[in-house]
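Residues per chain are reported as follows:
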Amino acid sequence: MVGRELGIWLVRRTGQAAAALIIALTILFFLMRAAPGDPLSRLSEARPLSPQEVAALRARYGLDQPLGTQFLAFATGLVHGDLGVSIEYGRPVTALLAERLPATLLLGGSVLLLNFTVGLWLGVRQAVHQNRREDRWLTALSLIGYATPSFWLGLVLAWLVGIKLRLLPAAGMQDPLLSLDAGLLTRAADILRHLVLPAITLSVVSIAATMRYQRTAMLEVLTLPFITTARAKGVPERDVTWRHAWRNALFPVITLFGLWLPILVTGSVFVEAVFAWPGLGSLAATAVGGRDYPLLMGASLLIAVLVVTGGLVTDVAYALLDPRVRLA
Amino acid sequence: MNPALAALQSAWRRPRGRTGAILLLLIATSAVLGPWFLPDPLAQPDILAGSLPPGLGHPFGTDQLNRDILARVVAGARVSLSVALLAVGLSATIGAAVGLVSGYWGGLVDTGLMRLVDGALAIPRLFILLLTLAVWERIPLLALILLIGATGWFATSRLVRAEVLRIREEAYVRAAEALGARRRHVILRHLLPNTLGPLLVAATLGVGDVILLEAGLSFLGLGVQPPTPSWGSMVLESREVLVSAPWAGIFPGLAIVITVLSANLLGDAMRDATDPRSA
């Protein structure tokens, strides 16, 4: 593609992403405020509140303002990086989100790593052995994986591996009994042991999708004439698979990245809640339990930003890497 | 012939589709007929007996309140299947309507609707539902169905719109327009029937998604409310007895896997039948 055209496309695609984000934020705000029920109802559960106290609290959280003013205040705060104060924790939402982000990135990163190694490799193997026993077994496994609820799989693994066999810790991210002066290596090993079960649980669904995608992309490439040429030249089958075919079958899989993000984020709510992993997902689950709107809102906002940017980055990477792509 | 029927018929000819359809029929039949043969899941014969492991009297065992798990799993099938079917029906209807209007009207209506869909797709469905469901202490089942249905049409509307864009320049559509057919007539008589095939595939695959979604929401305590048994809330309740009575959670989970798997098998087979490229 010509540089100028690419520039125009980039600007247009970025504008589209920005528009989607603004609409997503508006939808979120009105969803939260238009819903029946009162965000303060949870607070009055602890002890009966006097009308004066309720009025003071409503004023404190700006709930006494008209909807339009609330939206304006919300948008201004957003621009300044202010997402309000969590009702449950009584602390700024941004601080809470920032605290929980590293654990989620660690978990999400491990899942992506598993996807890009195990998932892609299995998908290629399936395509190479198309319709033979291995392919059939792997297809069946990936279909089952895709149908398995992650919260249930997490509980089963926690029970089997964590409690029955006592092989790995079934909850948390660090051993609370680990001495404070333990070395860096011991700490890292401890976190890694805690990471195994949540990462496997969360990977199952996305690996199933990756395998399927990679298998289809690979099968398409394997029918092309240049593969036949390579084989006729006497290129070893292994090189045909990995050097000739796979390189060309990798690009379509990149687009999966945009699809993975929502799947991962959704899955992490359940998996983190089951394994008490101190990330954004378990924070969102706690926020749901405590009816903590500002927090739930902040988490949803962050996720909307991630999903839109993820989609944008995927499209741009795809356009830059594969010049054959016709850009719409 | 009706394209939706044709998709079902050619799915039936594939082993995958047939397996999925037969399994779904079995599950639906047992959901409908089961309660006549099984003990009432709400009856608690002996609370003090506690959880019994799977055995002769109770093939799946009993939970901490000594309720028969098989009976509860079957009753849960009723709830899960009806939630999924109704919610998917609603999503498919809204999605088809929006897609047809957007694709056929074009212009500002199209741009507006599709920008809205873009924005809505940026928020994972689970989070839209979490935000709306969290305000209810105990959500009524009908409201849950409506909410799940109302949040599932975004991708469907895009699919239908793409189909409409593809067929609206076809000769028979142009001919109808040239003969002075009204927009409503063109949409209902010419465009809608031709989008039914892809719509049915999307809806079948949507059934599996909604079953997983409803189970997840119930697991978080936001979906189907006790004492109505649902697979997700059964797994949630089983967390308390994870060590002493693991069967209380294992069987409802297996029910989810098998049901979602069957719906996906059928959906896959129908897609392969209608879209030769994805086979």
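What you are looking at is a predicted structure, and each value in this text was computed from that prediction instead of being measured.

Turning next to the overall build of chain B. A tally of regular secondary structure across chain B gives 11 helices and zero strands. Counted from the first residue to the last, chain B has its helices and strands arranged as α-α-α-α-α-α-α-α-α-α-α. If you line up chain B on its principal axes, its C-alpha atoms span 75 × 45 × 30 Å. Within the span of chain B, comprising 279 residues, buried residues form 48% of the whole.

Once that is clear, we can look at the overall build of chain A. Counting its secondary structure elements, chain A contains 14 helices and zero strands. In chain A, the succession of α and β elements from N to C terminus is α-α-α-α-α-α-α-α-α-α-α-α-α-α. A total of 328 residues make up chain A; the buried ones form 35% of that total. Considering only contacts in chain A between residues 6 or more positions apart, those separated by 24 or more positions represent 74%.

We now examine the nonpolar core. Of all hydrophobic cores here, the largest spans 153 residues; its most connected members are A284(A), L296(A), A304(A) and L130(B). Counting residues per element, this core draws most heavily on helix α9 (residues 183–219) of chain B, at 16 residues. Once residues lying within four places of it in the same chain are set aside, the contact partners of A284(A) are V269(A), L296(A), A299(A) and L130(B).

A separate point is the interface of chain A and chain B. Each partner contributes to the interface: chain A provides 39 residues, whereas chain B provides 38 residues. When contributions to the side of chain A that touches chain B are tallied by element, the ones reaching two or more residues are α1 (3–34), α6 (133–147), α7 (150–164), α12 (256–275), α13 (280–289) and α14 (293–321) of chain A. For the side of chain A that touches chain B, the leading source of residues is α1(A), giving nine residues.

This paragraph deals with α6(A). The end-to-end C-alpha distance of α6(A), which contains 15 residues, comes to 21 Å, matching closely the 21 Å that a straight helix rising 1.5 Å per residue would cover. Listed as buried for α6(A) are S142(A), Y146(A) and A147(A). Mapping the buried residues of α6(A) onto a view down its axis gives an arc of 135°, with all of them on the same face. Exposed side chains of α6(A) directed beyond 90 degrees from the buried face belong to R133(A), W137(A) and A140(A). Tucked inside the fold, the buried residues of α6(A) contact α8 (184–222) of chain A together with α9 and α11 (247–274) of chain B.

Take helix α4 (residues 67–79) of chain A next. Relative to the 18 Å expected for 13 residues at 1.5 Å per residue, α4(A) spans 18 Å between its end C-alpha atoms, a close match to the ideal helical length. G81(A) sits one or two residues past α4(A) and shows a positive phi near 75°.

Next up on the list: the packing of helix α1 (residues 3–12) of chain B against α11(B). Residues and elements named next belong to chain B. At a minimum axis distance of 8 Å, the contact between α1 and α11 shows a crossing angle of 110°. If you check the angle between α1 and α11, you find them roughly perpendicular. Taking contact as the criterion, the partners of A7, L8, S10 and A11 in α1 are, on α11, L266, A269, M270, A273 and T274. Residue classes in the contact of α1 with α11 are distributed as seven nonpolar, two polar and no charged.

Confidence along chain B averages 85 in pLDDT terms, with 92% of residues attaining 70 or more. When the elements of chain B are averaged for pLDDT, α1(B) gives the smallest value, 78, and helix α6 (residues 141–150) of chain B the largest, 92.

On to the environment of D135(A), then. In this fold, D135(A) is placed in helix α6. Sequence-wise, D135(A) and L122(A) are 13 residues apart; in three dimensions their C-alpha atoms are separated by 9.1 Å.

Residue and element names in this part refer to chain B. Position of I187 among the secondary structure elements: in helix α9. Classification of I187 by C-beta neighbours within 10 Å gives buried; the count is 20. For I187 and V160, which are 27 residues apart along the polypeptide, the C-alpha to C-alpha distance reads 12 Å. The residues touching I187, leaving out its near neighbours within four places in the chain, are L100, Y104 and L192.

The residue after P226(B), namely P227(B), is reached through a cis peptide bond having omega 15°. Turning to its location among the elements, P227(B) is positioned in the loop between α9 and α10 (231–238). Here R166(A), not a glycine, exhibits a phi torsion of approximately 55°, which is positive. Mapped onto the elements, R166(A) comes out in the loop between α7 and α8.

Cut-off values and rules
- The numbers attached to residues start from 1 for each chain and follow its sequence in the written order.
- Key to labels: chains lettered from A, ligands numbered from 1, both in the order written.
- Thresholds applied to this predicted model are a pLDDT of at least 70 for local features of residues and 80 or more for the giving and counting of side-chain atom pairs; totals over whole chains, interfaces and linings are not thresholded and use all residues.
- Starting at the N terminus, helices and strands are each numbered in turn, a helix being any DSSP run of H or I of at least four residues and a strand any DSSP run of E of at least two.
- Any residue whose C-beta has 12 or fewer other C-beta atoms within 10 Å is treated as exposed, any with 20 or more as buried, and any in between as partly exposed, C-beta atoms being built from the backbone.
- Throughout, a residue-residue contact means that the two C-beta atoms, derived from backbone geometry, are no farther apart than 7 Å.
- Here, a nonpolar core denotes buried Ala, Val, Leu, Ile, Met, Phe, Trp, Tyr and Cys residues that are linked to one another through C-beta atoms within 7 Å.
- For a helix, the expected span equals 1.5 Å multiplied by the residue count minus one.
- As used here, the arc is the angular range of directions from the helix axis to the C-beta atoms.
- Each axis is a line fitted through C-alpha atoms, taken for helices only over the stretch in contact, and angles between the N-to-C directions span 0 to 180 degrees.
- Note on angle classes: values under 35 degrees are labelled roughly parallel, values over 145 roughly antiparallel, values of 65 to 115 roughly perpendicular, and the remainder oblique.
- Charged means Asp, Glu, Lys or Arg here, nonpolar means Ala, Val, Leu, Ile, Met, Phe, Trp, Tyr, Cys or Pro, and polar covers whatever is left, Gly included.
- Scored from 0 to 100, pLDDT records how confident the predictor is in each individual residue.

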